[in-house]
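If you want the building blocks of each chain, they are given just below.
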Amino acid sequence: MLKVKTIKLSGFRGIKTPQELFCIKAGETKPTSFVLFGVNSSGKTSFMDGLEWFLSPENKIQWLRREDAQEAAYPHNSAQPGESYVEIEFFEDSKTIRLRKTFDDNRKTKPILSDNDEFQRIYQSFVIKPYFRYLEIVEFVLNRTGVQKYQELARWMGFESELNFQEKLAKVVSQLEKKKELIETRRDDTLKAIGQLLENTVVDETSILTYCNKLLKGISSEINGAILEPLTSKESLQKCLPNIAKLQIQTSHAKNLNILSSAQTDLSAFAINKSLIDQITSLKNERDKFVGKQKSTNNINSIDLYNKAQEILSNNDKEKTKCPVCGLEWNRRNLLEHIKEELNLLDQINLKKTELIQKVEKALHLIRREQTLTAQTIAKYQEIESVISPLKYDVIKQYGSILTEFEYSMAGDIFSTGWKLSIPDTKIFDKLESEISQIIKFINEEKAKLEPSKEVLLLDSTIQSLRKTNELWDKLIQEKEEHDFWAAEVSKFLEIGDTIGELIRNGIKNLFDEISSLIEEYFVILRKDKDIKNIKIDFNVTKKAEGRSAEIQLSYYDVNVKPAYKILSESLLNSLGLSVYFACVRKFNKECGFIVLDDIINSLDIQHRETIINLLEDKFSDFQVILFTHDDLWFERLQTRFPHWVRKKIKKWEYDTGPRIDFANTTKEELDLMLGEDETKAKEAGMKFGEYLEGVLHELCEKLEAKIKYRYYKQDLPVMNELFEAGCERLKDILGDQHDLVAKMKNAWQNDPLIRNFCMHDRRNYASSISLTEVKNSYQKWFNEVENNLRCTECHKIIEYVKAKEQVHLQCEKGHLKLK
Amino acid sequence: MTDRNVKKYLEKLKSEGKHDGEFIDVLLASDTNDDDWFVTANNLSQIIDQRYAESKNNKA
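What counts, and where the lines are drawn
Residues numbered from 1 in each chain as written. Chains lettered and ligands numbered in written order. Predicted model: local features only at pLDDT ≥ 70, side-chain atom pairs only at ≥ 80, totals over all residues. Helix = DSSP H or I, 4+ residues; strand = E, 2+ residues; numbered from the N terminus. Buried ≥ 20, exposed ≤ 12 C-beta atoms within 10 Å, placed from the backbone. Contact = placed C-beta atoms within 7 Å. Pairing = 2+ DSSP bridges. Axes fitted to C-alpha atoms, helices over the stretch in contact; angles between N-to-C directions. Nonpolar A, V, L, I, M, F, W, Y, C, P; charged D, E, K, R; others polar. Expected span 1.5 Å × (residues − 1). Arc of directions from axis to C-beta. Parallel < 35°, antiparallel > 145°, perpendicular 65-115°, else oblique. Left-handed = near helix turned anticlockwise from the far one by under 90°. Core = buried A, V, L, I, M, F, W, Y, C linked by C-beta atoms within 7 Å. pLDDT = per-residue confidence, 0-100.

**Points about the overall build of chain A**
Then, in step 1: When helices and strands are tallied, chain A shows 25 helices and 19 strands.
Then, in step 2: With 820 residues in all, chain A has 31% of them scored as buried.
Then, in step 3: The contacts in chain A between residues at least 6 apart in sequence include a share of 67% that link residues at least 24 apart.

**Focus: the overall build of chain B**
Then, in step 1: The number of helices and strands found in chain B is 3 helices and 0 strands.
Then, in step 2: Listed N to C, the secondary structure of chain B is α-α-α in terms of helices and strands.

**Concerning the sheet that holds strand β12 (residues 559–561) of chain A**
Residues and elements named next belong to chain A.
Then, in step 1: With respect to topology, 3 strands assemble into an open sheet ordered β10-β11-β12, the strand pairing being antiparallel. What marks the edges here is a single partner per strand, and that holds for β10 (532–539) and β12. Taking each pair of neighbouring strands and ignoring which way they run, the sheet shows an average axis angle of 15°.
Then, in step 2: Strand direction decides the pairing type here: strand β11 (residues 550–556) and β12, joined by 3 bridges, are antiparallel. Among the inter-strand pairings, S555 is bridged to a residue of β12, identified as N560.
Then, in step 3: The strands that helix α5 (residues 146–157) touches are β10 and β11; relative to β11, the one it contacts most, it runs at about 100°.

**Thoughts on the sheet that holds strand β5 (residues 95–102) of chain A**
Residues and elements named next belong to chain A.
Then, in step 1: Pairing is antiparallel in the open sheet, where 5 strands are placed in the order β2-β1-β4-β5-β6. Among the strands making up the open sheet, the edge pair consists of β2 (19–22) and β6 (112–113).
Then, in step 2: Bridge analysis of strand β4 (residues 85–92) against β5 gives 8 bridges, and the strand direction is antiparallel. The residue bridging E89 from the neighbouring strand is R98, located in β5.
Then, in step 3: Sheet strands touched by helix α1 (residues 44–55): β1 (3–10), β2, β4 and β5. Its angle to β1, the strand with the most contacts, is close to 110°.
Then, in step 4: Docked against the sheet, helix α3 (residues 116–124) engages β5 and β6, running at close to 105° with respect to β5.

**Some remarks on unusual backbone geometry**
All names here are of chain A.
Then, in step 1: Residue P563 is reached from K562 by a cis peptide bond, and omega for that bond is -5°.
Then, in step 2: Within the secondary structure layout, P563 lies in the loop between β12 and α17 (570–588).
Then, in step 3: Although it is not a glycine, D93 adopts a positive phi angle of roughly 50°.
Then, in step 4: You can see D93 is positioned in the loop between β4 and β5.

**What about the interface of chain A and chain B?**
Then, in step 1: Every contact between the two is made by 25 residues of chain A and, on the other side, 24 residues of chain B.
Then, in step 2: At the level of elements, α6 (160–198) and α16 (454–526) of chain A are the ones that each hand at least two residues to the side of chain A that touches chain B.
Then, in step 3: In terms of residue count, the dominant contributor to the side of chain A that touches chain B is α16(A) (13 residues).
Then, in step 4: Across the side of chain A that touches chain B, the residue classes break down as 12 nonpolar, 5 polar and 8 charged.

**What to know about α17(A)**
Then, in step 1: The first and last C-alpha atoms of α17(A) sit 27 Å apart over 19 residues, in line with the 27 Å expected at 1.5 Å per residue.
Then, in step 2: Of all 19 residues in α17(A), 14 are buried; the element is thus mostly enclosed.

**Here's the deal with helix α22 (residues 721–735) of chain A**
All names here are of chain A.
Then, in step 1: Helix length check: α22 (15 residues) gives 21 Å between terminal C-alpha atoms against 21 Å at 1.5 Å per residue, within 8%.
Then, in step 2: Of all the positions in α22, only L723, F724, G727, C728, R730, L731 and I734 are classed as buried. Burial along α22 is one-sided: seen end-on, the buried residues are contained in an arc of 165°.
Then, in step 3: Of the surrounding elements, those touching the buried residues of α22 are α21 (682–704), α23 (740–751), α24 (753–760), β17 (800–804) and β18 (807–811).

**Some words on the packing of helix α18 (residues 609–619) of chain A against helix α19 (residues 632–641) of chain A**
Residues and elements named next belong to chain A.
Then, in step 1: At their nearest, the axes of α18 and α19 sit 10 Å apart, and the two run at 30° to each other. In this view, α18 runs roughly parallel relative to α19, as classed from their interaxial angle. Considering how the two elements wind past one another, α18 and α19 form a crossing that is right-handed. Facing R609, E610, I613 and E617 of α18, the residues of α19 in contact are W634, R637, L638 and R641.
Then, in step 2: For the contact of α18 with α19, the per-class residue count stands at 3 nonpolar, no polar and 5 charged.

**What to know about the pairing of β11(A)**
All names here are of chain A.
Then, in step 1: As judged from the 6 bridges shared by β10 and β11, these two strands associate in the antiparallel manner. Bridged to K533 within β11 is S555.
Then, in step 2: Connecting β11 to the antiparallel partner β12 that follows it, the hairpin turn spans 2 residues, and Y557 within it adopts a positive phi of roughly 45°.

**Observations regarding the nonpolar core**
Residue and element names in this part refer to chain A.
Then, in step 1: Within the largest apolar cluster, 111 residues are counted, with the highest numbers of intra-cluster contacts made by M157, L576 and C584.
Then, in step 2: In terms of residues, this core owes the most to one element, α16, which gives 14 residues.
Then, in step 3: Those residues in contact with L576, other than ones at most four positions away along the chain, are V141, F523, I552, A564 and L568.
Then, in step 4: I734, L754, V775 and Y779 belong to the second-largest nonpolar core, a separate cluster that totals 33 residues.

**Overview of the pairing of β1(A)**
Residue and element names in this part refer to chain A.
Then, in step 1: Counting buried residues in β1 gives 7 out of 8 residues, a clear majority hidden from the surface.
Then, in step 2: Of the pairings in the sheet, the one linking β1 to β4 comprises 7 bridges and is antiparallel in character. From the neighbouring strand, K3 faces β4, where its bridge partner is F91.
Then, in step 3: Looking at chain direction, β1 and β2 are connected through 4 bridges and run antiparallel. In the strand pairing of β2, L9 is matched with Q19.

**Remarks on the confidence of the model for chain B**
Residue and element names in this part refer to chain B.
Then, in step 1: Within chain B, residue pLDDT values average 90, and 93% of them lie at 70 or more.
Then, in step 2: Taking the mean pLDDT of every element in chain B, the minimum, 92, falls on helix α3 (residues 37–59) and the maximum, 94, on helix α2 (residues 21–33).
Then, in step 3: Across the predicted assembly, pTM comes out at 0.63 and ipTM at 0.96.

**Quick notes on the packing of α6(A) against α3(B)**
Then, in step 1: Packing of α6(A) against α3(B) brings their axes to within 9 Å, and their N-to-C directions diverge by 45°. Viewed along their axes, α6(A) and α3(B) adopt a mutual orientation that is oblique. Of the two elements, α6(A) crosses α3(B), and the hand of that crossing is right-handed. Contact with α6(A), carried on its side by A:K168, A:K171, A:V172, A:Q175, A:L176 and A:K179, involves B:W37, B:F38, B:T40, B:A41, B:L44 and B:S45 of α3(B) and no other residues of that element.
Then, in step 2: Its residues assigned to classes, the contact of α6(A) with α3(B) shows 6 nonpolar, 3 polar and 3 charged.

**Here we look at the environment of A:A193**
Residue and element names in this part refer to chain A.
Then, in step 1: Examined against the element boundaries, A193 turns out to sit in helix α6.
Then, in step 2: Take A193: there are 16 C-beta atoms within 10 Å of it, and that puts it in the partly exposed class.
Then, in step 3: Along the chain, A193 and L472 lie 279 residues apart, while their C-alpha atoms are 7.8 Å from each other.

**Focus: the environment of A:G501**
Then, in step 1: Assignment of secondary structure puts A:G501 in helix α16.
Then, in step 2: Not counting the four nearest positions on each side in its chain, A:G501 is found in contact with A:Q166, A:L169 and A:G547.

**A short note on the environment of A:K797**
All names here are of chain A.
Then, in step 1: Relative to the helices and strands, K797 is located in the loop between α25 (772–790) and β17.
Then, in step 2: Here K797 falls in the buried class, since 24 other C-beta atoms lie within 10 Å of it.
Then, in step 3: When neighbours within four sequence positions are excluded, K797 is seen to be in contact with R791, C792, C812 and E813.

Structure below.
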């Protein structure tokens, strides 16, 4: 199992210069348990913080997070970059592994690991974290809900992955349920809307069809004598709608309205070509200009002749020659030039003529388009006149005549001399627009005057209601289908969720059952004074977090209690918390052989603190315990009970450096050191021995169940006479007056000068003139003659009163030492 | 250490063949990839929506 040899901190929390704790004794190779004593604020928590940071895969110190201190608070204030680190030397299978975690100022949450793989191996060696603080016990037993306890247990017992999956599954199920509910809400809204339409709370096929048939019955006798068949299904409603729409169109009112509305739409879209007259005018001007060059145009027909002449002349090489066209004699070269010029001129004229013809064709196309438009508009006016009083539309008729004249002219020979075309005033277009606007306005006025008949209104509203019903019914069918489908699918998934949830719960319940007996076993060691049994961790029955909430239950003086905090005192609950932690360490940390405990005795009453020592001794002797404490009495007990541990104390703490650590000694070892050669230590040694003796007598009287005289007056001097008196009397009662130990104890009480002083005088005042030899003699006599006979050399415990089978005797708790 | 227990349970369920295999596959993938719950929920929703669309097409 993994153990710790050395712990070294530098520039971390309250420690500036490197400090090293050696959990190994001089000359030995294997590490041993270790205890560090220091008063509050002496720096021992810095070591605990360092260990937690080092052992935390997340590189966090939990209690500092609660104090709202983040990673920036980890290094010592004056530590330079790279100076803040924790280094631990591990020991496993006779091998030593040294690992260092260094704080990175640039990435405060990501420290530098000396060997990433080895660090991962260390993290994987434990399930429950191998460090525990007093505060965590309090939190676990007192301040946690069932859900939080379950989460903590998951971390302690290593079923975090199951817990994460349980939480994920719960959220997934909730999300799917929400989606299903959303579809359900949509369906219900549609149902509600149909219900409002039907004025009926029952919405089904029968009620919808009844409603529709009632509507149809209202109109069937009114419309053109048409008889509508009663609806029998959704399909019949679907088929019926277009037929009713036809009826709507057939009513005279609707017909008229349709004519006017249609006419209005068409007239609004009417767009005349306002540039037509300008285009015609321009064409006419071009034509007039072209025709003005009469001579040229007439000669166009001579082009072929000139071409032929050019061909003949090209084959004739005589200097003087006659023109084949006009018969005049020309110089051949000049004649050729002349013909070329004539041909060029005629080509240009021909080109222009072609261009004019094309323009005429284009103009004709425009004119005919305008004619069609005009004819359609006039037809529309005539249709309107069938509904409302006669209209006045002279301008469009006039425009029609103009177009006819244009067409006639353009269709003729525009190059002939008799060709004529009169151009109208372009103001005709403004007049046209004004006329159309007036007619549209008139239509609007007439439409407003049209009063619909009752039958039309009824038909309109019926159609509207039927369409709406049909639309909502379609929607409802679709939403119902979707909902039913989703409900079935979600139900299938829930079955899986329930089954997997049950498998996970069963697995965890087995863990709970396995650990529960161990918790009880440890609890009995910590609190054998109470009748508490049947300790069990079990799931809470809760709707909110079913299967994800746990509580501890137990039987307290035969009364079943769940949760345990309902009835147990804080001290008992803390003992329970400790038992759970220790049980988890024993059960799950198979490879990690050390536990770091920080001031955990705070959680127990003074009289029960030794029971933790018993637990460590009885159940964790194979573990290495690294313990930090500020309690000097407990420290003293630990030193006495575990003399083989490495024992250290923090002598003082300085801001610049941190704690100053020294070896710690038992009182006897300290007295031995004090009583060397230095006479000045006599008074101090006497005081120390007095305090120690008082503590041992207290413990002895408690263990013997001795009756101590009650101190009534405040002014009674704090002496230890009553303790000796009670202790001696009790020993005499049990062992008899003649027992050697009784005699020796009595002798020490009554005859040793220093002890007699302790018993007669205020111990705050004594030993003012005591010598070194006197102290030495007294304490050696006490240890050699009395205490060595009271304390077991194996378990280091003082004898206690035992009554069994009507017999009374004295023995140490383990029974190694028995006095008769 | 109980790290792979969830996977073990899911595989057991799948091998029994009593439950929807496609849903179990989504959970297995979610466990393996350590998907967030909303990713898993979304994957399941998509499967259901797709199945619904297919069922409508089949009817049509």
